[in-house]
Amino acid sequence: MSDSSWGAPPPQAGQAGYWGPTAGGPLQGAATAGPAYDAPEAQQTRPMPSVPDVPAYGGDQDDDPMPDAPQPVPVPKKTAGRDLSAAVGVGVGLGVVIIASLFVVKAVFVGVVAVAVVVGLWELTSRLQERKGIKAPLVPLAVGGAAMVVAGYARGAEGAWVAMALTALAVLVWRMTQPPEGYLKDVTAGVFAAFYVPFLATFVAMMLTAGDGAWRVLTFLVLTVVSDTGAYAVGWRFGKHKLAPRISPGKTREGLMGAVAFAMVAGALCMQFLIDDGAWWQGLILGLAVACSATLGDLGESMIKRDLGIKDMGTLLPGHGGIMDRLDSLLPTAPVVWLLLVAFVGS
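1. Topic: the confidence of the model for the protein
Phase 1: Summarising the model, the protein shows a mean pLDDT of 82, and 74% of its residues fall at 70 or more.
Phase 2: By mean pLDDT, helix α1 (residues 84-104) is the weakest element of the protein at 75, and helix α4 (residues 183-207) is the strongest at 97.
Phase 3: Under a pLDDT of 50 for its full length, residues 1-48 has, in the predicted model, 26 contacts with residues more than four places off or in other chains.
Phase 4: A low-confidence stretch, residues 54-65 (pLDDT under 50), is modelled with nine contacts involving residues beyond four sequence positions or located in other chains.

As structure tokens, then:
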């Protein structure tokens, strides 16, 4: 709020018009003048006492000073809402683990994806039970989810679909060992969890099977991270128009434009220099698609968390929340990147 919003400051001693009466009466410490201020018992004429030079407020040091003018209320600075130092540290640590496993032994990276899937399923099913009383069976989901990722890497899309079907069947059968009350909502949530977390993650494993698979996965990760970073940076600095206030009040249209711009530039560079037979114009299309899918994925999990009444899915990653809070934009982006790369440069 600007200083002028408080109105003009009161006139000071020595300024024109200072000795005139004010709306609040005579100024404290100043001698009264004129018949309007003559007391009834003081009829004799008395000389005006000489007033020594005093500070502008009048009176000696023992007098109460004139109250200060109101000060503007400080405007709070924008904050990120999280511990940025912890978030950066955790992000760098995860990046080192992912890159090391990706370029050293591909099977190790597949294991990292499988572990992330299992932890994500645990977070999701735990929050569903805590907040909604929905008991999606975790054991068949965890076993089937890890098998789904391995099947996608070993047998491609066909293996992923077969593993998905078997996992859904295992969820239906496992839940039969408990009372029938709530059976439908429990198995529905279980099948949804199987599709949402491990099945979408299998597309990351399928990218890895190509000759330049490690670079494809790296492109997928870089574009998603750059999209999120562009959305945050531009939205935090310039964001004014809400993108989806009912779902995620912090997201803005300006942030979405930042995500698109950042991802398209990164996409052009990655396709030109990292992907075999790739072209920069293909990267522009890929970046645009990643920005849209990552934003939709983020909004999708925000919708889930709002329905559950929680801010984060977990607390395993300081400054980030849980594993699912990092997978939200990656999961729906994986099939988009896989499909476009197959269309552009083949499998």
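The discussion continues.
2. Some thoughts on the nonpolar core
Side chains of nonpolar character tend, in soluble globular proteins, to be buried together.
Phase 1: Counting 59 residues, the largest nonpolar core has V217, F220 and L286 as its most contacted members.
Phase 2: Going through the elements one at a time, α2 (106-132), α3 (138-175), α4, α5 (213-238), α6 (253-273), α7 (280-308), α8 (323-327) and α9 (330-345) are the ones with two or more residues in this core.
Phase 3: Among the elements that take part in this core, α4 stands out by supplying 14 residues, more than any other.

3. Thoughts on the packing of aromatic side chains
Phase 1: Evaluated as defined, the whole model comprises seven aromatic pairs.
Phase 2: An angle of 25 degrees between the planes, with centres 5.4 Å apart, marks the rings of F195 and F199 as stacked. Remark: F199 and F195 occur in helix α4; sequence separation between them is four residues, near one turn of the helix.
Phase 3: On the accessibility criterion, F199 (4% relative accessible area) is buried.

4. Quick look at the pairing of strand β2 (residues 248-252)
Phase 1: Bridging between strand β1 (residues 242-244) and β2 involves two bridges; their strand directions are antiparallel. The partner of K242 across the bridge, within β2, is T252.
Phase 2: Counted along the chain from β1 to the antiparallel partner β2, the turn is three residues long.

Reading the values: the criteria
Residues numbered from 1 in each chain as written. Predicted model: local features only at pLDDT ≥ 70, side-chain atom pairs only at ≥ 80, totals over all residues. Heavy atoms only, no water. pLDDT = per-residue confidence, 0-100. Helix = DSSP H or I, 4+ residues; strand = E, 2+ residues; numbered from the N terminus. Contact = heavy atoms within 4.5 Å. Core = buried A, V, L, I, M, F, W, Y, C linked by side-chain atoms within 4.5 Å. Buried < 20%, exposed > 50% of the residue type's maximum accessible area, 1.4 Å probe, protein only. Phe/Tyr/Trp six-rings, centres within 6.5 Å; stacked < 30°, edge-to-face > 60°. Pairing = 2+ DSSP bridges.

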